[in-house]
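# Tertiary structure, described
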Amino acid sequence: MRLPVVAALLSLVACSETTEGPTPKLDGLINPLQRLITPARVCNAGGDTRGWRLEIVGTGFNPLPRDALTDTPTVELPQVTLSGPSDYTLPADHLFFARAELMRMDLPTRDSTPSSQLAPGAYTVAVTNPLGGTSSLEDGLRVVPAPTLASVTAPQGFSYGGGSPLIIEGSGFRSDALPLITLHRAGEETQTLFSITVVSDTRIETEVPPATPEGTYDLVLTNPEGCAATRPQALTVTYPKLGLLALSPRSGPASNDTAITLTNTRSGDERPFSPGLQDVYLVAPVKADPTQRVNIPLRDVTVLSESQLTATVPTCAGFDPLPVTSPQCPGGIVPGGPYALIVADPSGAVGQVPGSAGFTVSASLLDDVPTP
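Overview of the structure. Predicted, not measured: the structure shown is a model, and the values here were computed from it.

Take the environment of T192 next. Within the fold, T192 resides in strand β15 (residues 191-193). Overall, the relative accessible area of 24% leaves T192 in the partly exposed class. Along the sequence, T192 and T202 sit 10 residues apart, while their C-alpha atoms lie 20 Å from each other. Those residues within four positions of T192 in sequence are excluded, and the remaining contacts are L180, I181, T182 and P209.

Here it is as structure tokens:
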């Protein structure tokens, strides 16, 4: 600590008429990850190399300068102790004085250096100034165990067009604050699971979002106080498949929407078209954003049989509502292609027309948007 700071602290101590310093008042602990939660929760694992950073708030925290007139002045900080299911005194080098109303502490965990795994439960927190005077706060800190992941199962399999139920079993789940659950796979964006129900501290029910790309994913569960658990290769997302899809015609003008027919030729366990509403998309850019390919819903989708459906490619309309009155089709599909198609069947199956056999949008004289 710099000499001017030491001198200022020394002057504060010198103002006292007794050898006993002021008695601190401890108002509480704060976990910066959950500032509005009291008492503060902290996990007995994880954190950085020094543990979890917590904030001690109150008044009258009074460090004591030592050896101020020597070449190596030091400051003795207040002592912080925890008592509860286990007792613990914070190492002096894990406490940091900010001002008389705030100190910061790095609470060691199972995974820090030094390590110390506090037993879960409620703890009384006490702060003692170097010249005497102690303030304690009963149930000032709740220590919770790190979550664990034992199994991840999708009892109904996976559906391309809708959420797929997922059951996560383990321990240390929190019903009072929902965890963050994410899926990770190399080369893909992180998928966040949003529909979460904590059934108990050992079971969570959630779902995989529709159209999650096929592949094997790691699952990461992070509790609000910071502790996380990872289950590598937790689940492999695969969808039932429709048969070989072919469309006719394979092109249409940019100035008009185009009616098409899709034929489903099946073999083995490939699935037919199901009765009811089908979601059919053209994967293409629109003129409003010609650099980005998006899923554009086809209109007037009608299932004629298990092997055939008809639909309208909105080459002129794009996402715009009908009718489109401008002959320039300002919201239409960018001329070019061929563009792939995706069919999401109500059964959960998925089929694709690859780009090589997809739909081409022919430019008209009114089009001035460059082909991507």
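Taken in spatial order, the five strands of this open sheet run β2-β11-β10-β6-β7, and their pairing is mixed. Edge positions in the open sheet fall to β2 (40-43) and β7 (88-89), since each of these has one partner strand only. Sheet topology note: the strand β10 (residues 121-128)/strand β11 (residues 134-144) ladder contains seven bridges and is antiparallel. What sits directly across from A122, in β11, is R142.

In this section: the state of the cysteines. Overall, the coordinates contain two disulfides when judged by the stated rule. One disulfide bridge connects C316 with C329, the sulfur atoms lying 2.0 Å from each other. Around the S-S axis, the bridge from C316 to C329 shows a dihedral of about -90° and counts as left-handed. Placement of C316 in the loop between β26 (308-313) and β27 (336-339) and of C329 in the loop between β26 and β27 is noted, with a sequence separation of 13 residues between them. No difference in accessibility class separates C316 from C329, as the two residues are buried.

Criteria and thresholds
For every chain, the first residue of the written sequence is number 1, and numbering continues from 1 onward in sequence order. Where totals are concerned, whole chains, interfaces and linings use all residues; where local detail is concerned, this predicted model gives features only for residues with pLDDT of at least 70, and gives and counts side-chain atom pairs only at 80 or more. Hydrogens are left out, water is left out, and the side-chain values use all remaining heavy atoms of the structure. Only DSSP runs of H or I covering at least 4 residues are called helices, and only runs of E covering at least 2 are called strands; the numbering of each starts at the N terminus. Remark: exposure states derive from per-residue accessible area (1.4 Å probe, protein chains only) relative to the maximum for the residue type, with buried under 20%, exposed over 50%, and partly exposed in between. Contact definition: two residues touch when any of their heavy atoms are within 4.5 Å. Paired strands, in this sense, are two strands between which DSSP finds at least two bridges. To count as a disulfide, a pair of cysteine sulfur atoms needs to be within 2.5 Å.

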